[in-house]
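Breakdown of the fold
Letter by letter, the chains look like this.
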Amino acid sequence: MSRWWNKSRLGGSGPSASTLIGALLIALTAAYLYERAPFLAAFYNNAPERLVRVNNLGRSHDVKFAGRDGVRSCEDALMVESIGVAIVACDPGRERWNTVMGVFLPDPVPGADIYIYDYKSASTPDSEALQRVELVGFPGGSDLHTLGMAFDETTSTLFMTNHAKAGPRIEVFKLEVNALKATHVRTVSHPLIHGPNSIALVSSEEFFVTNDHAIPATRSKFVSMLETYLAPPTGTVVHVDLRGAEVEADVVARVPFANGIEILNATTVAVASTSRGAVYLYTLTPRPLPSSSQPNDDKAGHKRTPELTYATGIKVPFLPDNLSLWRSKTGETKLIIAGHAHAPSLTRFAATRHICNDHAELSRADPETARYCETATAPSWVSEWSEEDGLRHLYVDTEYPSSATAARDADRGVGIVAGLYAKGLLVWRE
Ligand SMILES: *[C@@H]1O[C@H](CO)[C@@H](O)[C@H](O)[C@H]1NC(C)=O
Ligand SMILES: *[C@@H]1O[C@H](CO)[C@@H](O)[C@H](O)[C@H]1NC(C)=O
């Protein structure tokens, strides 16, 4: 072991090596194995040949934009209901560069693109419905590898986690939806933002961001994989405040493989724990605003960091990836949980996309890989949850692979599923 825990490998930010070893050892108890049983059972039950398919998506569903000029590896779809468009980020470079799953292939690694998808009318031709956004003043060139996005409508500010080759960071853009233009505003980096995944905005200058692993695969593939399979609470939820001259960041929760995050209401935050097959709910306690008698509270540092206290967990029979929230005009609200039904299928699917999706690579591939490419799949699973109605499964299938995010515009009756390594988007209409 010592080799892996070598200080210099683990050096830098994040928890110390002994904290991590402690966390991993505690994790290895009988209670722990009992807890892990459902996760391991899913390896068997959810294999593509055994998986029980479910479709409760309503009237129709289609895989769109999957053709030659289409898009692929769109992990994000963020619906802006007020104007009936979705902001979509697609990173074909994820086939060769994935810091979460540990895929690091040599250049060329293309960068991500942002699109606006106008989903209002089913009759809009696909070629008009999906438009690429021009990035203006982005200093990183093609070094944009998107994971989570969040959009502040009042200020048109788009936040985007970027697993850049130059290091983990969050890019901030001013997005003009109608002009199809995103102007780079700033790059946010901080030692506590070491593996940024999903963002949930509190305001245009304050947000929560998850770090899925303590040790990203860029630093050690092996330790990162141990974290994934043993599931110690080494992922973090970090509160970030951009109001001051310096970026203020604080860890507010530790979660095994912290992935999607959503603020459900004024008092509850939901965080998906991929490796635990659960969504955890936390009670959010804001810190009081500094009173006029203490004018230095802001400068004093952490006074405005809210507190997250674990409240309860929702178990799901798959590996939850991302979360989204829909709210209807009548006030009904539900959490959508999208994720992966079968980890081994996803791992193989991810590791072979750079071959299966590339003519030149495929023609050089060995016969077994070539055959696999023809039938390869990574089962998707989408469910929704509310306290009143509990968990309801919407889509379990292999037709559209590797679902990472699902979002729904309840009033228009339109939903989108975005697959980590899928071609196109799955769009459903109710
Ligand atoms: C998760 O879903 C939200 C809401 O649709 C979206 O804004 C965000 O970009 C997604 N995050 C990831 C990591 O895909
Ligand atoms: C927020 O959501 C949680 C989880 O559904 C619920 O228990 C709580 O009552 C809600 N709080 C408010 C203020 O609506």
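Residues numbered from 1 in each chain as written. Chains lettered and ligands numbered in written order. Predicted model: local features only at pLDDT ≥ 70, side-chain atom pairs only at ≥ 80, totals over all residues. Heavy atoms only, no water.

Notes on the site of ligand 2
- Near ligand 2 you find N265, T267, T268, W385 and E387, and these make up its full shell.
- Here an oxygen atom of ligand 2 and a side-chain polar atom of N265 are 2.3 Å apart.
- Within the side chain of E387, one N or O atom sits 2.6 Å away from an oxygen atom of ligand 2.
- Across the complex, the protein chains shield 50% of the 360 Å² of accessible surface that ligand 2 would expose by itself.
- Here the residues of the shell around ligand 2 are counted per class, giving one nonpolar, three polar and one charged. (Near = heavy atom within 4 Å. Polar contact = N/O pair within 3.5 Å; in protein donor to acceptor, adjacent residues only side chain to side chain. Areas by Shrake-Rupley, 256 points an atom, 1.4 Å probe, with all protein chains shown as cover. Nonpolar A, V, L, I, M, F, W, Y, C, P; charged D, E, K, R; others polar.)

Regarding the sheet that holds strand β3 (residues 76-80)
- Strand order in the open sheet formed by four strands is β3-β4-β7-β8, and the pairing between neighbours is antiparallel. Since the sheet does not close on itself, it has two edges, and those belong to β3 and β8 (130-132), each with one partner. Sheet twist, expressed as the average angle between the axes of neighbouring strands with direction ignored, equals 25°. (Pairing = 2+ DSSP bridges. Helix = DSSP H or I, 4+ residues; strand = E, 2+ residues; numbered from the N terminus. Axes fitted to C-alpha atoms, helices over the stretch in contact; angles between N-to-C directions.)

Re the site of ligand 1
- With respect to spatial proximity, 13 residues lie near ligand 1, and among them E75, D76, A77, M149 and N322 are the closest.
- T405 is positioned with one of its side-chain polar atoms (N or O) 3.3 Å from an oxygen atom of ligand 1.
- Expressed as a share of its isolated accessible area of 360 Å², the protein-covered part of ligand 1 is 93%.
- Elements represented by at least two residues in the shell around ligand 1 include exactly β3, β10 (146-152), β14 (196-203) and β22 (319-327).

A few points about the UniProt feature "active site" (unreviewed entry) in the protein chain
- Following the UniProt record, the feature "active site" (unreviewed entry) maps to H145 here.
- Its place among the elements puts H145 in the loop between β9 (134-136) and β10.
- Those residues in contact with H145, other than ones at most four positions away along the chain, are D91, G93, W97, V109, P110, G111, T161, N162, H163 and A164.
- In terms of polar contacts, H145 uses its side chain to reach the side chain of D91, at 3.0 Å. (UniProt positions renumbered as here; feature names shortened; annotations may be inferred. Contact = heavy atoms within 4.5 Å.)

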